Amino acid sequence: MVSPVPAAAADPLVSPGYGTGWLLRVAHRLANKAFTGELSGLDIEPRHFGVLAQLARRQPLSQRQLIDLIGADKSAMVRTVDELEHRGLVIRRPVPHDRRAHAVVLTDAGNSIHRQAEQAAIRASAEVFGHLSPAEHHDLHDLLRKVVDAGRPPPSGPGCPP
């Protein structure tokens, strides 16, 4: 006779094993849907916001640096930067001493859209996480940061220790 599997063990919403990854996927989908909805009036997507946010923090950045910071692949990053450039939100400038590389910088319009998109991100966050207490939200953020940091390769390139 086969013993029954306890309901909690079979339910990925309850089981802490593989269920944690599944819950993260579902939570990501909810957060992405809320954020995409908030961004819709700005005619940008979350992937565009990622580039604008990185540039707002530390520009100029090469496409290679953006790829490393965001975790996108090369073709996706080229397409995203092309779209942002077409909308007048970023420009590419030649990098001195490297004819093959281009630095990406925000335009005034890009800065404006970024500020509006940050407000959209705050609204989406309130929608998704508003039912958590401030302490719970802080704990969730800290735990996710720990997971993300552990999964990132160490920084490399000029100015980074070996």
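1. Here we look at the confidence of the model for the protein chain
Phase 1 of the analysis: On average, residues of the protein chain score 87 in pLDDT, and 83% of them reach the 70 mark or higher.
Phase 2 of the analysis: Scored below 50 in pLDDT, residues 157-162 shows 2 contacts in the model against residues more than four places distant or in partner chains.

2. Concerning the packing of helix α4 (residues 63-70) against helix α5 (residues 74-86)
Phase 1 of the analysis: In contact at an axis separation of 10 Å, α4 and α5 are set at 115° when each is read in the N-to-C sense. For the element pair α4 / α5, the angle class is roughly perpendicular. Crossing angle aside, the handedness with which α4 passes α5 is right-handed. In this structure, α4 uses Gln 63, Leu 66, Ile 67 and Ile 70 to contact α5, whose residues at the interface are Lys 74, Met 77, Val 78 and Val 81.
Phase 2 of the analysis: Looking at the contact of α4 with α5, its residues break down into 6 nonpolar, 1 polar and 1 charged.

3. Re the sheet that holds strand β3 (residues 98-106)
Phase 1 of the analysis: Pairing in this open sheet of 3 strands is antiparallel, and the strands run β1-β3-β2 from one edge to the other. Only two strands of the sheet have a single partner each, and these edge strands are β1 (61-62) and β2 (90-95).
Phase 2 of the analysis: Pairing geometry for β1 and β3, over 2 bridges, is antiparallel. Bridge pairing links Leu 61 to Val 104 in β3.

4. A word on the pattern of salt bridges
Phase 1 of the analysis: For the structure shown, the criterion picks out 9 salt bridges.
Phase 2 of the analysis: Of the charged contacts in the structure, one is a salt bridge between Arg 145 and Asp 149, with a shortest N-O distance of 3.1 Å. Placement of both Arg 145 and Asp 149 in helix α7 (residues 134-151) is noted, with a separation of 4 residues, approximately one turn of the helix.
Phase 3 of the analysis: Put simply, Glu 45, Arg 47 and Glu 83 are held in one network by salt bridges that share partners.

5. Here's the deal with the nonpolar core
Phase 1 of the analysis: Judged by nonpolar contacts, the single largest core of 25 residues is most densely connected at Leu 39, Ile 44, Phe 49, Leu 52, Leu 55, Leu 66 and Val 90.
Phase 2 of the analysis: Of all the secondary structure elements, the ones that give two or more residues to this core are α2 (19-39), α3 (46-58), α4, α5, β3 and α6 (108-129).
Phase 3 of the analysis: In this view, Leu 52 contacts Ile 44, Leu 84, Leu 89, Val 90, Leu 106, Gly 110, Ile 113 and His 114; residues no more than four positions away in its chain are not counted.

6. Thoughts on α4
Phase 1 of the analysis: Within the sequence span of α4, burial applies to Gln 63, Leu 66 and Ile 67. Along the axis of α4, the buried residues cluster in a sector spanning 105°; they form a single face.
Phase 2 of the analysis: Here the buried face of α4 lies against α3, β1, α5, β2 and β3.
Phase 3 of the analysis: Looking one or two places after α4, you find Gly 71, whose phi comes out positive at around 85°.

Here is what the cut-offs are and how they apply
Residues numbered from 1 in each chain as written. Predicted model: local features only at pLDDT ≥ 70, side-chain atom pairs only at ≥ 80, totals over all residues. Heavy atoms only, no water. pLDDT = per-residue confidence, 0-100. Contact = heavy atoms within 4.5 Å. Axes fitted to C-alpha atoms, helices over the stretch in contact; angles between N-to-C directions. Helix = DSSP H or I, 4+ residues; strand = E, 2+ residues; numbered from the N terminus. Parallel < 35°, antiparallel > 145°, perpendicular 65-115°, else oblique. Left-handed = near helix turned anticlockwise from the far one by under 90°. Nonpolar A, V, L, I, M, F, W, Y, C, P; charged D, E, K, R; others polar. Pairing = 2+ DSSP bridges. Salt bridge = Lys/Arg side-chain N within 4 Å of Asp/Glu carboxyl O. Core = buried A, V, L, I, M, F, W, Y, C linked by side-chain atoms within 4.5 Å. Buried < 20%, exposed > 50% of the residue type's maximum accessible area, 1.4 Å probe, protein only. Arc of directions from axis to C-beta.

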